[in-house]
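Spelled out, the chains give:
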Amino acid sequence: MDYMDYFEKLLPKDLRSYISILCAMIKKDLFLLKQKTADIIINSAIILTMELIVWCYLYPLLGMPQELVLPMFVGWPLISIMINLGFCFSMKYTLGALYTGYGFMEFDLTLPLPTSYVLAKYIISFVIEACIATLPLILIGITIIQYLYPTVIIAGLLPFCLLYIMNLSLIAIVFLALSFWYPNQWFENNVWPRRIGPIITFGAVFAPWHQVYVFSKPIGILMLLNPLTYVTEAMRSVLLKGNGIYISLWFCIPILILLFLVSTLWMSKSVRSKLDLLS
């Protein structure tokens, strides 16, 4: 306890105050989350069960090789869950702007906090809720796949969990930037067909990138320009022993870090331009 007190004294007074307020806001969100935890877990379990039936039973019956079951599961089912979570997260602010000004965000911005801390609170709360809703079920699904198909070799679950959390954070930042960058009505009506859809289609989601490149080099090269390719391939590479089948994790990580930096700057600019806030 004395060590913590000493550590806190090293921090500037304003920073200690900001951190205290941020922690209090997150605690409030966790308290509210308890009231809907059962519902979000049930909803996620239903979705995951359907995906497991399709990818682990129906597609192998149609001739999909067993060694592709888990890479494909890490593709579309997992990415679709993450993107839908990010879209629902961003719609809080889009719908809030359309119907109630900016809803609860108006109150949060009156607190003695820099805007960056308010945005960080939203992202942290989203990641916590998304992990509670999906991560245990995803790990159960991966375990079931490995049990049904012993030829699938898992490289590491803990690094996968850490990368999953990192990718959730990136998706939260991007969707928050999107929801403030575009007009609210445009975002609600057009972001899926004009932005999300094309990114998913050319993001190595429906097949490992190497297989796409072997099939069509132009399409494979095009996919290298898509940030979602590195999100997907990084999770495959860290989870599975691919023997060079997937893009190397050590090639993906620097790109993901760069995406974090660029997306954070974009989010900050889009939020401030929409709300005309000062730092």
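Parameters and conventions
Residues numbered from 1 in each chain as written. Predicted model: local features only at pLDDT ≥ 70, side-chain atom pairs only at ≥ 80, totals over all residues. Heavy atoms only, no water. Core = buried A, V, L, I, M, F, W, Y, C linked by side-chain atoms within 4.5 Å. Buried < 20%, exposed > 50% of the residue type's maximum accessible area, 1.4 Å probe, protein only. Contact = heavy atoms within 4.5 Å. Helix = DSSP H or I, 4+ residues; strand = E, 2+ residues; numbered from the N terminus. Expected span 1.5 Å × (residues − 1). Polar contact = N/O pair within 3.5 Å; in protein donor to acceptor, adjacent residues only side chain to side chain. Phe/Tyr/Trp six-rings, centres within 6.5 Å; stacked < 30°, edge-to-face > 60°. Salt bridge = Lys/Arg side-chain N within 4 Å of Asp/Glu carboxyl O.

**Student:** It is not clear to me how the nonpolar core should be interpreted in this structure. Could you clarify?
**Tutor:** Nonpolar side chains in soluble globular proteins tend to end up buried together. In this structure, Leu 70 and Met 235 are the most contacted members of the largest nonpolar core, which totals 86 residues. Once residues lying within four places of it in the same chain are set aside, the contact partners of Met 235 are Val 74, Leu 78, Ile 79, Met 82, Phe 160, Leu 163, Tyr 164 and Asn 167.

**Student:** What am I meant to see in unusual backbone geometry here?
**Tutor:** Excluding glycine, most residues fall at negative phi; most peptide bonds, likewise, are trans. Even without being glycine, Ala 204 reaches a positive phi, approximately 55°. Note that Ala 204 resides in the loop between α9 (184-201) and α10 (209-215). Given a relative accessible area of 0%, Ala 204 falls into the buried group.

**Student:** Please clarify how helix α12 (residues 227-239) should be interpreted in this entry.
**Tutor:** Because each turn of an α-helix spans 3.6 residues, side chains separated by three or four positions in sequence point in the same direction. Here α12 spans 19 Å end to end across 13 residues, near enough to the 18 Å set by a 1.5 Å rise per residue. Extensive coverage of α12 is indicated by the burial of 11 of its 13 residues. Regarding α12, the residues found buried are Leu 228, Thr 229, Tyr 230, Val 231, Thr 232, Glu 233, Ala 234, Met 235, Arg 236, Val 238 and Leu 239. For α12, the N-terminal cap is Asn 226; the gap from its side-chain oxygen to the backbone nitrogen of Leu 228 is 2.9 Å.

**Student:** Looking at this structure, I do not really get the packing of aromatic side chains. What am I missing?
**Tutor:** The geometry of an aromatic ring pair is captured by the separation of the ring centres together with the interplanar angle, meaning the angle of the planes. Evaluated as defined, the whole model comprises 11 aromatic pairs. Each ring, one from Tyr 18 and one from Tyr 117, has its centre 5.2 Å from the other, and the planes form 55°; the classification is tilted. Of this pair, Tyr 18 sits in helix α2 (residues 13-34) while Tyr 117 sits in helix α7 (residues 115-148), and the two are 99 residues apart along the sequence. Of the residues examined, Tyr 18 reaches a relative accessible area of 24% and is grouped as partly exposed.

**Student:** It is not clear to me how the environment of Ile 173 should be interpreted in this structure. Could you clarify?
**Tutor:** When you line up the elements, Ile 173 lands in helix α8 (residues 157-181). Expressed as a C-alpha distance, the spacing of Ile 173 and Leu 265, which sit 92 residues apart in the sequence, is 9.6 Å. Ignoring any residue separated from it by four or fewer positions in sequence, one finds Ile 173 in contact with Ile 123, Phe 260, Ser 263, Thr 264 and Met 267.

**Student:** I'm lost on the environment of Phe 251 in this one. Help?
**Tutor:** The topology assignment puts Phe 251 in helix α13 (residues 249-275). You can call Phe 251 partly exposed: its relative accessible area is 47%. Phe 251 sits 17 residues away from Ala 234 along the chain, and the two C-alpha atoms are 8.6 Å apart.

**Student:** I keep staring at the pattern of salt bridges and nothing clicks. Help me out?
**Tutor:** For side chains bearing opposite charge, pairing can occur when the charged atoms are close. With the rule as written, the count across this model stands at three salt bridges. Where Lys 121 meets Asp 29, a salt bridge forms, and the shortest distance between an N and an O atom there is 3.0 Å. Residue Lys 121 is found in helix α7, and its partner Asp 29 is found in helix α2; the two are separated by 92 residues along the sequence. The same class applies to Lys 121 and to Asp 29, which are both buried. Among the ionic pairs, Arg 236 bridges to Glu 233, the shortest N-O distance being 2.8 Å. Of this pair, Arg 236 and Glu 233 both sit in helix α12, three residues apart, roughly one helical turn. Exposure remark for Arg 236: the relative accessible area of 0% places this residue in the buried category. A residue is classified by how much of its surface remains accessible, and Glu 233, at 0% relative accessible area, is buried.

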